[in-house]
Amino acid sequence: EFQSLLRMPRFRVVFGMACVYSAVIFLPIALNSSHHHSRGFIYNNFLPVVTLYGLLILSDIVLLNIFGFDRQATQIYFVAPVSFETVMKAKNVTAAVFIGLQASAVLVIAAILRFGVTPWNIANSIIASAVIAVFLLSVGNYTSIALARPVDPTQTFKKQAGGKLQLWLLLSSLGMLLLVGFAFLARWTLGSEWAFLGVLLLEFVIGFLVYRIGRQSAVELGLRKREQLLDSLSKGASPIGLGLS
């Protein structure tokens, strides 16, 4: 999985955008607020904001449509000795690793720019990213079956997500705002960073339980609708491939 993803031009471009473009887009706002006596929200929370925005960029290819790059080669997962559940776990672990690498890259950029790199912001960024990732994994395991769509790995910028998947991406963005918003509200109400972390930790526990239940349901759905899944992934100019050619 790691080998195939890193050899795909589309993945490399999107991953690079998640690491760099996410920081660049908020840079002017942070620079503008840094000149005021009362530094703004983006400057003070540059690290968690940029990390979460990058995660949202990355979610389209590693979370919400995890079989898109495999296309019709997904049929291998239903005949190989390795169980379909193990395949889904492996893809989830791979996604988690790349999310961690993206968060680390943003941390390095923020440290170079000297924008809000404090122990609290680092902790907030890591936990917030983990919370959003575990909920997006839950959603993505379902959408990867129900809304599977082939993705051409050679097309770097062409939009390839369907309308329904775009709607799920929008709903995921709103859900992310709500989850993180509750944490910020708790910090503002109680005036404590511990309140922020406490809410995020509670959300992570809930999200992990939802993920465990949702993953099993997604596996059962995939086994039950394997023909529909393969048919959806076989449509396109390059129906077969694992990104290894």
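Residues numbered from 1 in each chain as written. Predicted model: local features only at pLDDT ≥ 70, side-chain atom pairs only at ≥ 80, totals over all residues. Heavy atoms only, no water.

**Examining the nonpolar core**
Of all hydrophobic cores here, the largest spans 39 residues; its most connected members are Phe-11, Leu-55, Leu-58, Leu-63 and Ile-132. Elements with a minimum of two residues in this core: α2 (9-34), α4 (46-62), α5 (84-113), α6 (119-146), α7 (163-190) and α8 (193-224). By residue number, the principal contributor to this core is α6, which donates 8 residues. Residues contacting Leu-58, with those up to four places away along its chain left out, are Val-14, Phe-15, Ala-18, Phe-98, Ile-99 and Gln-102. (Core = buried A, V, L, I, M, F, W, Y, C linked by side-chain atoms within 4.5 Å. Buried < 20%, exposed > 50% of the residue type's maximum accessible area, 1.4 Å probe, protein only. Helix = DSSP H or I, 4+ residues; strand = E, 2+ residues; numbered from the N terminus. Contact = heavy atoms within 4.5 Å.)

**Description of the pattern of salt bridges**
Summed over all chains, the structure comprises 4 salt bridges. Lys-91 serves as the salt-bridge partner of Asp-70, at 2.8 Å between the closest nitrogen and oxygen. In this pair, Asp-70 sits in the loop between α4 and α5 while Lys-91 sits in helix α5, placing the two residues 21 residues apart along the sequence. The residues Asp-70 and Lys-91 share a single accessibility class, namely buried. Across the pair Glu-85 and Arg-215 runs a salt bridge whose closest N-O atoms are separated by 3.8 Å. (Salt bridge = Lys/Arg side-chain N within 4 Å of Asp/Glu carboxyl O.)

**Digging into the environment of Gly-68**
With respect to the helices and strands, the residue Gly-68 is situated in the loop between α4 and α5. Linking Gly-68 and Ser-144, residues 76 residues apart in sequence, is a C-alpha distance of 7.9 Å. For Gly-68, the residues in contact, after removing those within four places along its chain, are Arg-149, Pro-150, Val-151 and Leu-233.

**Here's the deal with helix α9 (residues 226-233)**
For an α-helix the count is 3.6 residues per turn, leaving residues at separations of three or four pointing the same way. When α9 is considered as a whole, its buried residues turn out to be Leu-229, Leu-230 and Leu-233. Along the long axis of α9, the arc covered by the buried residues comes to 95 degrees, so they all point the same way. In the core, the buried residues of α9 are packed alongside α6. (Arc of directions from axis to C-beta.)

**Side note on the environment of Ser-59**
Relative to the elements of secondary structure, Ser-59 occurs in helix α4. Under the relative-accessibility criterion, Ser-59 is labelled buried at 1%. Remark: the alpha-carbon pair of Ser-59 and Val-14, spanning 45 residues in sequence, is separated by 9.8 Å. Setting aside its immediate chain neighbours within four residues, Ser-59 contacts Leu-64, Leu-136 and Leu-169.

**Structural notes on α4**
For α4, with 17 residues, the first-to-last C-alpha span of 24 Å sits near the 24 Å given by 1.5 Å per residue. The largest bend along α4 measures about 25 degrees and falls at Leu-56. Of all 17 residues in α4, 15 are buried; the element is thus mostly enclosed. (Expected span 1.5 Å × (residues − 1). Bend = angle between axes of the 7 residues up to and from the residue.)

**Let's talk about the environment of Leu-147**
Inspection of the secondary structure assignment puts Leu-147 in the loop between α6 and α7. You can call Leu-147 buried: its relative accessible area is 19%. Sequence-wise, Leu-147 and Asn-65 are 82 residues apart; in three dimensions their C-alpha atoms are separated by 7.7 Å.

**Things to note about the confidence of the model for the protein chain**
Close reading of the predicted structure is inappropriate where its pLDDT is low. On average, residues of the protein chain carry a pLDDT of 83, and 88% of them reach 70 or more. Segment residues 237-245 is flagged for pLDDT under 50; beyond a separation of four residues in sequence, or across chains, it makes 27 contacts in the model. (pLDDT = per-residue confidence, 0-100.)

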